[in-house]
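# Secondary and tertiary structure notes
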Amino acid sequence: MKLKMLAIAGGLLAATALSTAGAKADVKIGLLGGVSGPIAAMAPAMIDAAQLAISQVNDQGGILDGETLVGVVGDSACNPQGGTDAATKAVNIEGVTAIVGPHCSGAVLAAAGSVTVPAGVTMVTPSGTSPVITGLDDYGMVFRTVPSDDYQGRALARTLREQGYEKVAVAYINNDYGTGLANAFKGEFEAQGGQIAGFAAHEDGKASYRSNLADLSSGGADTLVIFDYGDGTGLTILRQALENGFFERFVGGDGMKSDAVINELGTENLADYFASSPVGEASNALDTFNAAFTAVGGDPDAIFVTTSYDAAFMLALAIEKAGGDKAKVAESLREISNGEGEAILPGEWAKAKKLIDEGKAIDYKGAAGDHNFDVNGDVPGTFALFEVGAEGYEVVTNMK
């Protein structure tokens, strides 16, 4: 009996070993977002959009040889240390093949320099917009699906001049995001004949910015341009400016296009408040994404959801084309979206996988644009200026 039991146990162990040997490992990509910190209200929709791309891959047979694609969420906290810590865990503990994010520029720069580039892990940020990212010595492994602030700042400046803004003051948060956007805006606004009547950086997290606002308003501008985050310091500055009557009109960059501004201050107090933001170009790809994201309960008008979706879907395509080889993902990312090959729309995973398996070229048409990366991993983009209406943010005009 004892020998029989041992034989049975041995058989079970052997079967288990065979089963384990045949098991397929998940393919992981990091989703590093500002879950906490100044863009905490924006991050969930962005992560949900990336997860939509991942679910579409898995619903259509999975990645590579039927493996499951898994999005590993990490909190970069929208700061350099948080970005480094989240990337370290994703790369060294979770073993991700590539990363979507981080969401904020300072976190992108820190994570790339300290973790992902040395580890040979490709990163695609959907919202890191600082011009400094363009010049990173990254060996071609850092990309973004969102345009640089150099584009946005200049487009916003031209739009305000076209709308008759003559003199403005500029308040910007003292980090990579705020500095890059403010400098791009200032250079173009002045080149277009406008006057910058005040231009000052501020630190995050202070209880009061009234003295900063008093200094900025002393130049005589009736408009304050704010480059900050609407979930954090930017909201405090806007509230205190309204409470104390420092300015009559307010314009924010993309970081200020937050629902927190509307929820905290009320639509009735924001008749003279505007914000710029990247937007997807009208296309079949955008329509396809909008329908799919709406179907799972997402808001397709939320900021950076199109770029977040595209980043995740493109990395899945690149991993597929690279055969799962981490070292080939960056090269493959360019190849799946270079204007050559059969068009692939958002969600067309099975079609794309079949073409890749057949050795045929594909060209991903993103919800946020075509994403034909330049030598620095940057993309051009389109922007719009928004106002606050009864239903939330509404487009005033497209920006060029």
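Now for a look at the structure at hand. (Residues numbered from 1 in each chain as written. Predicted model: local features only at pLDDT ≥ 70, side-chain atom pairs only at ≥ 80, totals over all residues. Heavy atoms only, no water.)

### Focus: the sheet that holds strand E2 (residues 69-75)
Across a sheet, paired strands are connected by hydrogen bonds in the backbone, their directions being either parallel or antiparallel. Taken in spatial order, the five strands of this open sheet run E2-E1-E3-E4-E5, and their pairing is parallel. What marks the edges here is a single partner per strand, and that holds for E2 and strand E5 (142-144). Each strand of the sheet is rotated relative to its neighbour by a mean of 25°, with strand direction disregarded. Of the strand pairs in this sheet, strand E4 (residues 122-125) and E5 are connected by three bridges, and their pairing is parallel. Note on E5: the bridge partner recorded for threonine 125 is arginine 144. Docked against the sheet, helix H2 (residues 43-59) engages strand E1 (27-33) and E2, running at close to 165° with respect to E2. (Pairing = 2+ DSSP bridges. Helix = DSSP H or I, 4+ residues; strand = E, 2+ residues; numbered from the N terminus. Axes fitted to C-alpha atoms, helices over the stretch in contact; angles between N-to-C directions. Contact = heavy atoms within 4.5 Å.)

### Remarks on the layout of surface pockets
Approximately 730 Å³ is the volume attributed to the largest pocket. Lining the largest pocket are 37 residues, with Lys257, Pro300, Asp301, Ala302 and Ile303 positioned closest to its centre. Within the residue set of the lining of the largest pocket, elements represented by two or more residues are helix H9 (259-265), strand E10 (273-279), helix H10 (284-295), helix H11 (305-321), strand E13 (382-389) and strand E14 (392-399). Counting residues per element, the lining of the largest pocket draws most heavily on E14, which supplies four residues. Partitioned by chemical class, the residues of the lining of the largest pocket number 20 nonpolar, eleven polar and six charged. Looking at the second largest pocket, it is lined by 14 residues, and the ones nearest its centre are Glu281, Ala368, Gly369, Asp370 and His371. Across the lining of the second largest pocket, the residue classes break down as five nonpolar, six polar and three charged. (1 Å grid on protein atoms, 1.4 Å probe; cavity = no way out; pocket = protein on both sides within 12 Å on 5 of 7 lines; lining within 4 Å. Points joined across faces, edges and corners; volume = space filled by probe spheres on them. Nonpolar A, V, L, I, M, F, W, Y, C, P; charged D, E, K, R; others polar.)

### As for the pattern of salt bridges
Across all of its chains, the model carries 19 salt bridges by this definition. The partner of glutamate 166 in a salt bridge is arginine 161, with the nearest N and O atoms 3.4 Å apart. The class for arginine 161 is buried, based on a relative accessible area of 18%. Across the pair lysine 186 and glutamate 190 runs a salt bridge whose closest N-O atoms are separated by 3.3 Å. (Salt bridge = Lys/Arg side-chain N within 4 Å of Asp/Glu carboxyl O. Buried < 20%, exposed > 50% of the residue type's maximum accessible area, 1.4 Å probe, protein only.)

### Some remarks on empty space enclosed by the protein
For the structure shown, the criterion picks out three cavities of 30 Å³ or more. By volume, the largest cavity is sized at about 110 Å³. Every residue lining the largest cavity is counted, 13 residues in all, and those nearest its centre are Ile39, His103, Ser127, Tyr229 and Phe304. A class-by-class count of the residues in the lining of the largest cavity yields seven nonpolar, five polar and one charged. In this structure, the second largest cavity occupies an estimated 50 Å³ of space. Along the walls of the second largest cavity sit Ala171, Ala200, Ala201, His202, Tyr209, Asn212, Leu213, Leu216 and Ile237, which together make up its complete lining.

### Remarks on the nonpolar core
Residues Ile63, Phe313 and Leu333 are the most contacted members of the largest nonpolar core, which totals 65 residues. In this structure isoleucine 63 touches Val27, Val57, Leu69, Ala316, Ile319, Glu320, Trp349 and Lys353, once residues within four positions along its chain are discounted. Judged by nonpolar contacts, the second largest core, of 31 residues, contains Cys78, Leu181, Phe227 and Phe274. (Core = buried A, V, L, I, M, F, W, Y, C linked by side-chain atoms within 4.5 Å.)

### Some remarks on unusual backbone geometry
Here glycine 101 and proline 102 are connected by a cis peptide whose omega angle stands at -10°. Residue position: proline 102 is located in the loop between strand E3 (98-100) and helix H4 (105-119). Not every positive phi belongs to a glycine, and histidine 371 is a case in point at roughly 55°. Along the chain, histidine 371 falls in the loop between strand E12 (362-364) and E13. According to the relative accessible area criterion, histidine 371 is buried, its value standing at 4%.

### Digging into H10
Between the first and last C-alpha of H10 there are 17 Å, a value that for twelve residues agrees with the 16 Å anticipated at 1.5 Å per step. Listing the buried residues of H10 in full gives Ala285, Leu286, Phe289 and Phe293. Along the axis of H10, the buried positions cluster into a sector of 95°, meaning they face one direction only. Residues of H10 that are exposed and point over 90 degrees away from its buried face: Asn284 and Ala295. (Expected span 1.5 Å × (residues − 1). Arc of directions from axis to C-beta.)

### With respect to the sheet that holds strand E8 (residues 223-227)
The strand order E7-E6-E8-E9-E10-E13-E14 describes an open sheet built from seven strands, whose pairing is mixed. One side of each edge strand has no neighbouring strand; the edge strands of this open sheet are strand E7 (195-202) and E14. For this sheet, the mean angle separating the axes of adjacent strands, direction not counted, is 25°. Bridge analysis of strand E9 (residues 249-252) against E10 gives three bridges, and the strand direction is parallel. Bridge pairing in E10 places phenylalanine 250 opposite tyrosine 273.

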